[in-house]
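Residue-level structure breakdown
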Amino acid sequence: MMRSLFLFDMTFWLYLAALVLYIGYLFARRPTMALAPAGHPSDNFDERDGAWATQLGQVATLVTVFGWLVNTGALFTRAFERMEHSGTFAPWSNQFEAMAYVSWAIILGYVILELRYKIKAVGAFVVGIGFIAMGAASLLPYRYQTAEPLVPALNSYWIYIHVSVTLTSYAAFAMAGGLGLMYLFKERAERQGKTTGFYAAFPDLETIDELGYKAITIGFPLLAFGIILGAMWANYAWGGYWSWDPKETWSLIVWLIYGAYIHARMTRGWEGRKAAIYAVFGFLMVVFCFWGVNFLLSGLHAYA
Amino acid sequence: MNSQSDALPTEPAPPRPSTPGLGWDEFSRELVDFFASVKLAIFLFLFIAITATIGTVIQQGERAEVYIQEYGENAYRWFLRLGFTDVYHTWWFTSLLGLLCVNSLTCFYKRFPSVWRSMKQDKVGVTMAFVKNLKQQAEIPVENTKESVAQSLVQHFVSKGYRVLAKNEPGEVTVYATKGVMGRVGAHMAHLSATVIVLGGLLGSYYGFQEFGVCLEGQTYHIPRGNFDLKVDKFWIDYHENGSVKSYNSTLTVLEGGQAKATKTITVNDPLVYNGIWFYQSSYGDAWDQVEVARINIKDKETDKVLKTVDLEWQKEQTLPDLNLKLSITDFVADFAFNSTEKKVYSKTIEHANPAIKLVLTERDSVQATPWLFQQFPDLFEIKDSKYQFELVGYKPRKFTGLQIAKNPGINVVWTGCTMIVVGITLSSFIFHRRIWTKIVPTPTGVVVHIGGTTHKSQIDFNKEFRKLTEKIQTFKA
């Protein structure tokens, strides 16, 4: 019935394929000690570590980019379907669409990271999160996946900016969470003295740590902006910019959590392992804010 | 935000005058240090986050019965004591927010002057030890003259967008380059924003108001706070093809001294604004004390046969000559209840749970009766003197429009604070304050460039930049 659903399905399978390829790439790429001492930038690996591993990595990137294009196409198709039905273009008007948009943003963020820093190992984690987000969306019952007309309160141009900005911040925090997880794996392996094999293909700890921090410094202002746009919308729609509705409060809680992280980073000792654990914790809070609040707590945002 | 993060090697501080005991100077310094500390900021961020969750788990502002039923009486007593039924307005929660403002203001007071100085002041006069102690540092021998290397270096910095200061002395040339101080200014702007937002909020809560009005079509209401009247011309609902509500709309007219001043059709997301008072389309529903039309069955008492079905309009008498009757509806209640002390009928709730209308009938120009007809209990009463039995079989309720009426004189202050926070944290997230010092010292074979740099954020990008810079310096050969 809806063409976009086919494309969303296809996105799901492509992200799964990309994830498998990235994991395969990590296994294939087993640099020896001599080739990859700890702390060595991973973009300078010797070519001898397996030409086919490199090819696998390239295929993984191609599949990811293709998946992202299909995801883009799916969102556009959905936007036009929405336009026909209810006169609003925004393809993030229910939980399903919001999830699909978040995975789109996560994958876009990852592709930019890979192009800029030439690190492929991150894909196994971050593409993984994008895949899980898309998968969780696909698991929603059919009635959540279709494009029902919007309720009057949502039918406004504010939906374009408030929702897209907030969801993009979630994607940035997802990236930070993935990098945090990656840091913890690598750090554990190093503590156990495993300098070869699977984990050696990861970038060095300092790089993962800094990238994770960077993702948070992107998500933090975005979330602030998203919350403020929401406050402006609420003021315009209901006559109050802040009403301590569960979603509002939870987004503020998430923002405070990352605010604490950014301040903690200023004092010594809040790098590395602690910061990585914190980033994973923060991401779980984002997941609760995004999913848990909609399904567990009642409030003005319970549109799912 | 940007505290000790620079990790600048400290130049020996002038010894503090050692007054014995706790003088006021020490005390106030300690106080400023405490309130400006990053630790306090982290504690407040997390503590506010944790306590804010309470209000999302426990329903806020409910009736006592609801809490007692769900949590028990004992727990409810504690809820009241701790303010858990209205967490966000308790003295302790607002104090936490106030403390956050104090924290950020003190931080501004303590740290902004140094940022200001670093924007204004010459930082060329540093020692060699200072350069060598910086986090990123290198020594690069170059076969060239001091002046030529300095020239190339300054050119390179300028091409990269740095602000450069240089000092040529007989022994050495010192070059100081800096970029991105706005990142630190941004952090301070974000700090000030907390107080601005809170002030805007206070202004709104002292001088503003927010009310909910249930209004009926055709009625005029006085708005005392605006000293004008509001007439609801029309209310209607638009539907999508699949039957779901597309929008609800009210046409409103503002009247001043009986004269129409403004008319607008409002809908959700499109309010009417008049004299700083905003009228929002907030909800709608079925009125509980009025109907538009009611349908009555008139039955013959003896045969129990329906003689006629009539639709009666609200408070409009209808004459039925064939039955020799006059009928009108004078009252309606959605959920019938009777106050026996005041002898008054009223609606128990706003739900249409037990609807009843009051019928006034005149039969054969003599019988006057005012029975209540219940939709759910048609045989409850019988009118003795009448040969008819009346039944309420249906009605069309009048819709009310729910209007939110609000005035908030603090709103623009709040938006100013919001702009400050977004601009502030965006600047501080994406712009890094970088400072690089170089000392070019002549040697028998040329010069040695001692270079050291620091950033207050984004070490990874700075490291890359620094590496490229050292590579660049190696090319400055004669």
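Anyway, here's the lowdown on the structure attached to this text. Keep in mind it's a predicted model, so treat the numbers as computed, not measured. (Residues numbered from 1 in each chain as written. Chains lettered and ligands numbered in written order. Predicted model: local features only at pLDDT ≥ 70, side-chain atom pairs only at ≥ 80, totals over all residues. Heavy atoms only, no water.)

1. A closer look at the overall build of chain B
The helix and strand tally for chain B stands at ten helices and 21 strands. Relative to its length of 478 residues, chain B is extended, with a C-alpha radius of gyration of 39 Å against a globular reference of 23 Å. Each of the 478 residues in chain B was classed as buried or not, and the buried ones make up 45%. In chain B, of all internal contacts separated by at least 6 residues, the share reaching a separation of at least 24 is 60%. On chain B, roughly 25400 Å² of surface is accessible, and the fraction owed to carbon and sulfur atoms is 55%. Between the averaged position of the 52 positive side-chain charges in chain B and that of its 48 negative side-chain charges there is a distance of 11 Å. (Helix = DSSP H or I, 4+ residues; strand = E, 2+ residues; numbered from the N terminus. Rg over C-alpha atoms; globule rule 2.2 N^0.38 Å. Buried < 20%, exposed > 50% of the residue type's maximum accessible area, 1.4 Å probe, protein only. Contact = heavy atoms within 4.5 Å. Areas by Shrake-Rupley, 256 points an atom, 1.4 Å probe, with all protein chains shown as cover. Lys, Arg positive; Asp, Glu negative; His and termini not counted. Charge placed at Lys NZ, Arg CZ, Asp CG, Glu CD.)

2. Remarks on the overall build of chain A
When its secondary structure is counted, chain A shows nine helices and zero strands. In chain A, the succession of α and β elements from N to C terminus is α-α-α-α-α-α-α-α-α. Split into buried and exposed, the 304 residues of chain A put 64% on the buried side. In chain A, once contacts between residues fewer than 6 apart in sequence are set aside, the share between residues at least 24 apart is 80%. For chain A, the computed accessible surface area is about 12200 Å², with 68% contributed by carbon and sulfur atoms.

3. Re a positive patch on the surface
Residues Lys118 of chain A together with Lys160, Lys464, Arg467, Lys468 and Lys472 of chain B make up a contiguous surface patch of positive charge. Summarising the element assignment, lysine 118 of chain A is placed in the loop between α3 (95-117) and α4 (123-139). Judged by its relative accessible area of 56%, lysine 118 of chain A falls in the exposed class. (Patch = residues over 30% accessible without salt bridge, like charges linked within 9 Å, V, L, I, M, F, W, Y side chains within 5 Å. Salt bridge = Lys/Arg side-chain N within 4 Å of Asp/Glu carboxyl O.)

4. Section: the interface of chain A and chain B
With 53 residues of chain A at the interface, the matching set in chain B holds 57 residues. Between chain A and chain B lies a buried interface of about 4500 Å² when both sides are counted; carbon and sulfur atoms form 70% of it. A per-residue breakdown of the area chain A buries against chain B is headed by Trp244, His263 and Met266 of chain A, which together make up 16% of the total. Across the chain A-chain B interface, the total number found is zero salt bridges. Elements supplying a minimum of two residues to the side of chain A that touches chain B: α2 (51-86), α3, α7 (205-237) and α8 (246-266) of chain A. Among the elements that line the side of chain A that touches chain B, the one with the most residues is α7 of chain A, at 19 residues. Per-class residue counts for the side of chain A that touches chain B are 33 nonpolar, 14 polar and six charged. (Buried area = accessible area lost by both parts, 1.4 Å probe. Nonpolar A, V, L, I, M, F, W, Y, C, P; charged D, E, K, R; others polar.)

5. Overview of the pairing of strand β19 (residues 388-407) of chain B
All names here are of chain B. Counting buried positions along β19 yields 14 of 20 residues, so the element is predominantly enclosed. The sheet contact formed by strand β4 (residues 209-216) and β19 spans eight bridges and is antiparallel. Residue phenylalanine 209 lies in a different strand from β19, and its bridge partner there is lysine 407. Alignment of strand β10 (residues 277-300) against β19, held across 17 bridges, turns out to be antiparallel. Looking at β19, one finds that tyrosine 284 is bridged to threonine 401. (Pairing = 2+ DSSP bridges.)

6. As for the pattern of salt bridges
Inspection of the entire model under this criterion finds 25 salt bridges over all chains. A salt bridge links arginine 191 of chain A to glutamate 187 of chain A, with the shortest nitrogen-to-oxygen separation between them at 3.1 Å. Within this pair, arginine 191 of chain A and its partner glutamate 187 of chain A are both found in helix α6 (residues 158-191), separated by four residues, close to a single helical turn. A residue is classified by how much of its surface remains accessible, and arginine 191 of chain A, at 55% relative accessible area, is exposed. Note that lysine 299 of chain B and glutamate 391 of chain B form a salt bridge whose closest N and O atoms lie 2.6 Å from each other. Taken together, the residues span a long stretch of sequence, with lysine 299 of chain B in strand β10 and glutamate 391 of chain B in strand β19 at a distance of 92 residues. Here lysine 299 of chain B falls in the buried class, since its relative accessible area comes to 13%. Salt bridges here are not isolated pairs; linked through shared partners, they connect Arg78, Glu81, Arg82 and Glu97 of chain A.

7. Things to note about the packing of α8 of chain A against helix α2 (residues 38-57) of chain B
Contact pair α8 of chain A / α2 of chain B: the axes reach a minimum separation of 9 Å and the direction vectors enclose 160°. Between α8 of chain A and α2 of chain B, the interaxial angle falls into the category roughly antiparallel. The element α8 of chain A and its partner α2 of chain B pack so that their crossing is left-handed. Mapping the contact onto sequence places Pro246, Thr249, Trp250, Ile253, Trp255, Leu256, Ile257, Gly259, Ala260, His263 and Ala264 of chain A in α8 of chain A and Val38, Ala41, Ile42, Phe45, Leu46, Ile48, Ala49, Ala52, Thr53 and Thr56 of chain B in α2 of chain B. Across the contact of α8 of chain A with α2 of chain B, the residue classes break down as 16 nonpolar, five polar and no charged. (Axes fitted to C-alpha atoms, helices over the stretch in contact; angles between N-to-C directions. Parallel < 35°, antiparallel > 145°, perpendicular 65-115°, else oblique. Left-handed = near helix turned anticlockwise from the far one by under 90°.)

8. What to know about the sheet that holds strand β6 (residues 228-239) of chain B
Residue and element names in this part refer to chain B. The strand order across the open sheet built from four strands is β5-β6-β7-β8, with neighbouring strands paired in antiparallel fashion. Strands with a single pairing partner mark the edges of an open sheet, and in this sheet they are β5 (220-223) and β8 (259-267). Strand after strand, the sheet turns through a mean of 25° between neighbouring axes, direction not considered. Sheet topology note: the β5/β6 ladder contains four bridges and is antiparallel.

9. Some words on the packing of aromatic side chains
Under the definition given, this model contains 52 aromatic pairs over all chains. Relative to tryptophan 104 of chain A, the ring of tyrosine 101 of chain A lies with its centre 5.5 Å away and its plane at 25°, an arrangement referred to as stacked. Of this pair, tyrosine 101 of chain A and tryptophan 104 of chain A both sit in helix α3, three residues apart, roughly one helical turn. As far as burial versus exposure is concerned, tyrosine 101 of chain A and tryptophan 104 of chain A are alike and both buried. Aromatic side chains tryptophan 250 of chain A and phenylalanine 288 of chain A sit 4.7 Å apart centroid to centroid with 65° between the ring planes, which places their arrangement in the edge-to-face category. Taken together, the residues span a long stretch of sequence, with tryptophan 250 of chain A in helix α8 and phenylalanine 288 of chain A in helix α9 (residues 272-296) at a distance of 38 residues. Given the relative accessible area of 7%, tryptophan 250 of chain A is considered buried. Through pairs of rings, three or more aromatic residues link up here, namely Trp242 and Trp244 of chain A together with Tyr67, Tyr71, Tyr76, Phe79, Phe84, Tyr88, Trp92 and Phe93 of chain B. Between the NZ or CZ atom of arginine 265 of chain A and the centre of the ring of tyrosine 213 of chain A, over which it lies, the distance is 4.3 Å. Its guanidinium or amino end placed over the ring of tryptophan 236 of chain B, lysine 234 of chain B lies 4.6 Å from that ring's centre, counting from NZ or CZ. (Phe/Tyr/Trp six-rings, centres within 6.5 Å; stacked < 30°, edge-to-face > 60°. Lys NZ or Arg CZ within 6 Å of the ring centre and 35° of its normal.)

10. A closer look at the nonpolar core
Among the nonpolar cores identified, the biggest contains 141 residues, and Tyr110, Leu167 and Trp255 of chain A are the most heavily contacted of them. The next biggest cluster of nonpolar side chains, apart from the first, holds 23 residues, and it includes Ile298, Val310, Leu320 and Leu361 of chain B. (Core = buried A, V, L, I, M, F, W, Y, C linked by side-chain atoms within 4.5 Å.)

Function-wise, these values are silent; they only describe arrangement.
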